[in-house]
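# Architecture and fold: a report
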Amino acid sequence: PAAREALAYFFAKRFLLPPGQSVTKEEALQNISPENVAFGSGCAAIINSLFYILGERGDACLIPAPFHAAFEQYLTLFAGCVPVPVKLTNPSQGPSPKELDLAFLKAQSQGYRVKFLLLTNPNNPLGVIYSPEVVRDAVLWARKRALHMVVDELYALSIHQNYIHKFQSVVRVVDNKLGTDVHMVWSLSKDFGSSGFRIGCLYSQNKMLMDALANLNVFSGVSHPMQVITADMLTDDQFIDSFLDASCTRLRESYEICVRKLEEMVVPFIPAEAGPFVYVDFSSLLHSKTSEGEAELSDLIMKYARVVLTPGKSLHDPSPGMYRLCYAWVAPEVLEIAMERISRLVSKIRKIDWSDLNDTTLQSVLE
C-alpha cells in the first residue's frame, strides 16, 4: 500500500498538476487513488499484461510509425495481439484523426479486429513531444471508435529542450478523466536511468483491469525491498528535482555534441526535444533506396565505424535510410569519438564508389 500511495503522489505531482505546483500527499491522493496505480517488473511486463487482459488473440493495435521495435514483442508473444503501423504524413506532428481513420479502415479490410491505439509521448524514436491537441484528438478518436488507448510516457521527465514547449501527460490533457479506456504507462528505467530495477508503472481507472492485473502480477511482481526503495525515491521531491535537473542538462549536452557533428556532415535529422536519441536521415548515402540498401549501410557502420545504430526498418519506418542514434548510452568523450567515426565514414561513402568500399579504403575510419 505504501508504494502505491507513493506512486499515486508522484503521478499527481509530476503528471497531473502543472510543473512546480506544490501538493501535499493527502491532496495528491484525492486526485489519484492508489487503487488506480500498479507496479510490474518493467514496462514490458505492464504492457504485455495490459494487452493480455483487455484484448483477445488476433486483436489489432494501431501504432503511429516509426515506433519502438520491442512493441511487436510486447504485443505478440503472450497476448497474441497484432501491431499495425499507422503511416503518417508528418511523423513529428503525430497522428491526425484522418490518418487514424485510414489505418483503421485498412486494418479492417485486411480482416483485423482493431481494439487498441498505442501512442508514445515523448516519442521513441523521434524524440519529439506531441502537442496536447494531438493527444486530445487521439483520445477523442479512440473513444469514437470504442478502442482502448494506451499512452507510453516513458520519457516524460527527460525533456532537454524546455524552451520549445512543455510536455503534457495524457492524464492532464483529459483532466484526469481516463475513464475505463485510457491507460498511461511509465517506468523508472528511462527517466531515472535504472532499467535494472525492472519497475514499470500503470495508471488506469479501469477497475476490472486493475483487479485482473493484481492476479496476473504473481508472474511479474516487484519485490517488497524494491517497493520500499521506490516509495522512498518517488516521494523525495528534493532528490527528484536535483536528479532530473542534472540528467536533463547532461542529455542536452550530449544531444548538442551529436547534432553539431550531424550539421557538420550536412546530414538531416529530426530535432529532438526529449529522450536519449535523435532520428537521423542517412538515405542520401544508400547504394539503393531499399531495405537492402539500408542493410548494406548498417553493415558498413557496424563493421568500419563500430557504432551500433537502430535502422528504420526495425522501427517500421517505410522510408529506407532512417536511423535512431542513441547518444546517452556513452560518456560525452566516447560520443565524440563515435560521431567522428561516423563523419569519416560518411565522407568516404560520398567520395568513393560503393563497389570500392572495402577494408583498404575504409581502414582510416578508426584511426
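Look above for the structure.
Residues numbered from 1 in each chain as written. Predicted model: local features only at pLDDT ≥ 70, side-chain atom pairs only at ≥ 80, totals over all residues. Heavy atoms only, no water.

### Here we look at the overall build of the chain
Across its full length, the chain holds 14 helices and 11 strands. On C-alpha atoms alone, the chain measures out to a radius of gyration of 21 Å, which is about the 21 Å that the 2.2 N^0.38 rule sets for 367 residues. Expressed as a percentage of contacts within the chain between residues at least 6 apart in sequence, the contacts between residues at least 24 apart total 72%. Surface summary for the chain: the accessible area is close to 16700 Å², and the carbon and sulfur share equals 53%. Charged side chains of the chain number 34 positive and 40 negative; the gap between the two group centres comes to 3 Å. (Helix = DSSP H or I, 4+ residues; strand = E, 2+ residues; numbered from the N terminus. Rg over C-alpha atoms; globule rule 2.2 N^0.38 Å. Contact = heavy atoms within 4.5 Å. Areas by Shrake-Rupley, 256 points an atom, 1.4 Å probe, with all protein chains shown as cover. Lys, Arg positive; Asp, Glu negative; His and termini not counted. Charge placed at Lys NZ, Arg CZ, Asp CG, Glu CD.)

### Considering the environment of Ser187
Turning to its location among the elements, Ser187 is positioned in strand β6 (residues 182-187). Given the relative accessible area of 1%, Ser187 is considered buried. Taking C-alpha positions, Ser187 is 5.4 Å from Cys201, a pair spaced 14 residues apart along the chain. If we skip the residues at most four places from it in the chain, Ser187 touches Cys43, Leu154, Ile199, Gly200 and Cys201. Reaching out from Ser187, the side chain makes a polar contact with the backbone nitrogen of Ser189 at a distance of 3.2 Å. (Buried < 20%, exposed > 50% of the residue type's maximum accessible area, 1.4 Å probe, protein only. Polar contact = N/O pair within 3.5 Å; in protein donor to acceptor, adjacent residues only side chain to side chain.)

### Considerations on the sheet that holds strand β4 (residues 113-120)
Read from one edge to the other, the open sheet built from 7 strands follows the order β1-β7-β6-β5-β4-β2-β3, with strand pairing classed as mixed. With partners counted over all chains shown, the strands left at the sheet margins are β1 (37-40) and β3 (82-86), one partner each. Strand-to-strand twist in this sheet, taken as the mean axis angle between neighbours without regard to direction, amounts to 25°. Strand direction decides the pairing type here: β4 and strand β5 (residues 148-152), joined by 5 bridges, are parallel. Considered in β5, the bridge of Thr120 is made with Asp152. Relative to β3, helix α5 (residues 97-109) is tilted by about 135°, and along the sheet it contacts β2 (59-64), β3 and β4. (Pairing = 2+ DSSP bridges. Axes fitted to C-alpha atoms, helices over the stretch in contact; angles between N-to-C directions.)

### Structural notes on the sheet that holds strand β9 (residues 277-281)
With respect to topology, 4 strands assemble into an open sheet ordered β8-β9-β11-β10, the strand pairing being antiparallel. The open sheet is flanked by β8 (269-270) and β10 (310-311), the only strands paired with a single partner. Alignment of β9 against strand β11 (residues 322-326), held across 5 bridges, turns out to be antiparallel. In the sheet register, Phe277 faces β11, and the bridge partner there is Cys326. On the sheet, helix α11 (residues 237-265) packs against β8, β9 and β11 and is oriented at approximately 10° with respect to β9. The strands touched by helix α12 (residues 291-305) are β10 and β11; relative to β11, the strand with the most contacts, the crossing angle is about 30°.

### Some thoughts on the pairing of β4
Counting buried positions along β4 gives 6 out of 8 residues, so the element sits mostly inside the fold. By the bridge criterion, 4 bridges tie β2 to β4 in an arrangement that is parallel. Following the sheet pairing, Cys61 is matched in β4 by Phe116.

### Here's the deal with the nonpolar core
Phe10, Phe11, Leu62, Val170, Trp186 and Phe192 are the most contacted members of the largest nonpolar core, which has 69 residues in total. Sort the elements by how many residues they give to this core and helix α1 (residues 2-16) lands first, with 10 residues. Counting 35 residues, the second-largest nonpolar core is a separate cluster that includes Ile257, Cys258, Leu286 and Ile301. (Core = buried A, V, L, I, M, F, W, Y, C linked by side-chain atoms within 4.5 Å.)

### Topic: helix α10 (residues 224-234)
Considered for burial, the residues of α10 that qualify are Thr230, Ala231, Met233 and Leu234. Along α10, the residues classed as buried sweep out an arc of 165° about the axis, all on the same side. Turned more than 90 degrees off the buried face of α10, the exposed positions are His224, Pro225 and Asp232. Where α10 is buried, its residues meet α1, β1, β6, α8 (188-191) and α11. (Arc of directions from axis to C-beta.)

### Overview of the packing of aromatic side chains
This structure, assessed with the given rule, holds 18 aromatic pairs. Through a chain of ring-to-ring contacts, three or more aromatic side chains come together here, namely Phe10, Phe11, Phe15, Trp186, Phe192, Tyr203, Phe239 and Phe243. (Phe/Tyr/Trp six-rings, centres within 6.5 Å; stacked < 30°, edge-to-face > 60°.)

### So, unusual backbone geometry
In the segment running from Ala65 into Pro66, the intervening peptide bond is cis, with an omega of 0°. Relative to the elements of secondary structure, Pro66 occurs in the loop between β2 and α4 (71-76). For the bond from Asn124 to Pro125, the omega torsion is 25°, close enough to zero to count as cis. By secondary structure assignment, the location of Pro125 is in the loop between β4 and α6 (132-144). Positive phi is not limited to glycine here, since Arg306 has a value of about 55°. By the element assignment, Arg306 lies in the loop between α12 and β10. One non-glycine residue, His316, adopts positive backbone phi at about 65°.

### Observations concerning the state of the cysteines
On inspection of all chains with the given rule, the structure shows 0 disulfides. The thiol sulfur of Cys81 is not disulfide-bonded, and the nearest other cysteine sulfur, from Cys61, lies at 7.6 Å. For Cys81, a relative accessible area of 1% corresponds to the buried category. Cys326 provides the cysteine sulfur closest to Cys258, a residue in no disulfide bond, and the two sulfurs are 9.4 Å apart. The exposure class assigned to Cys258 is buried, which follows from its relative accessible area of 0%. (Disulfide = S-S within 2.5 Å.)

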